[in-house]
Amino acid sequence: IYESLVKMDQFAFTFSMQARLAADLVSDPDYVGNDEQIANMKMGLGLRKPSENFWQPVGEATGNMDPEDKVNLLAHIVPRFGSGNPEQEVALETFVTGLKPAIAV
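Keep in mind the model is a prediction, meaning the values are calculated, not measured.

Caption draft 1: Focus on the packing of helix H2 (residues 15-26) against helix H5 (residues 67-77). Two elements in contact, H2 and H5, have axes whose closest approach is 9 Å; the angle formed by their N-to-C orientations is 25 degrees. As judged from the angle between their axes, H2 and H5 are roughly parallel. In this structure, H2 crosses over H5, and the sense of that crossing is right-handed. Side by side, H2 and H5 meet where Met-17, Arg-20, Leu-21, Asp-24 and Leu-25 of the first sit next to Pro-67, Glu-68, Val-71, Asn-72, Leu-74 and Ala-75 of the second.

If you want it as structure tokens, here you go:
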């Protein structure tokens, strides 16, 4: 986690936010640090080109969110990737579909 976070701009993504994200991720029992989770964490942080079907719409919908809320959201989303559970994949797709209307409220 920290290997990826060290590349972040310390002014835009403070050390306390980085520490919070890392602590939240490792305390989630679904977070195992597999390649898919790390890749999605990097996309969510803007360190990699976002996937068109997930991170791009999430980024567009959450552009005006408070940075701390974005960290919280990221910490809850990333562990859901790479589970190999088809239900989890459906849940991620449903999340993207429902996010824009939810934020509009």
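Let's pick the thread back up.
Caption draft 2: Local environment of the side chain of Gln-37. As for its position among the elements, Gln-37 is in helix H3 (residues 35-45). Here Gln-37 falls in the buried class, since its relative accessible area comes to 1%. Excluding residues within four positions of it along the chain, Gln-37 makes contact with Asp-30, Tyr-31, Val-32, Val-78, Pro-79 and Phe-81.

Caption draft 3: Up close: helix H6 (residues 86-104). Compared with the 27 Å implied by 1.5 Å per residue over 19 residues, the 28 Å span of H6 between its first and last C-alpha is a close match. The sharpest bend along H6 comes to roughly 35 degrees, located at Gly-98, with the proline Pro-101 sitting one to four residues further on. Looking only at H6, the buried set comprises Gln-88, Leu-92, Val-96 and Leu-99. Of the surrounding secondary structure, the elements contacted by the buried residues of H6 are helix H4 (55-61) and H5. One side-chain oxygen of the residue at the start of H6 lies 2.8 Å from the amide nitrogen of Glu-87, identifying that residue as Asn-85.

About the cut-offs
- Residues numbered from 1 in each chain as written.
- Predicted model: local features only at pLDDT ≥ 70, side-chain atom pairs only at ≥ 80, totals over all residues.
- Heavy atoms only, no water.
- Axes fitted to C-alpha atoms, helices over the stretch in contact; angles between N-to-C directions.
- Helix = DSSP H or I, 4+ residues; strand = E, 2+ residues; numbered from the N terminus.
- Parallel < 35°, antiparallel > 145°, perpendicular 65-115°, else oblique.
- Left-handed = near helix turned anticlockwise from the far one by under 90°.
- Contact = heavy atoms within 4.5 Å.
- Buried < 20%, exposed > 50% of the residue type's maximum accessible area, 1.4 Å probe, protein only.
- Expected span 1.5 Å × (residues − 1).
- Bend = angle between axes of the 7 residues up to and from the residue.
- Polar contact = N/O pair within 3.5 Å; in protein donor to acceptor, adjacent residues only side chain to side chain.

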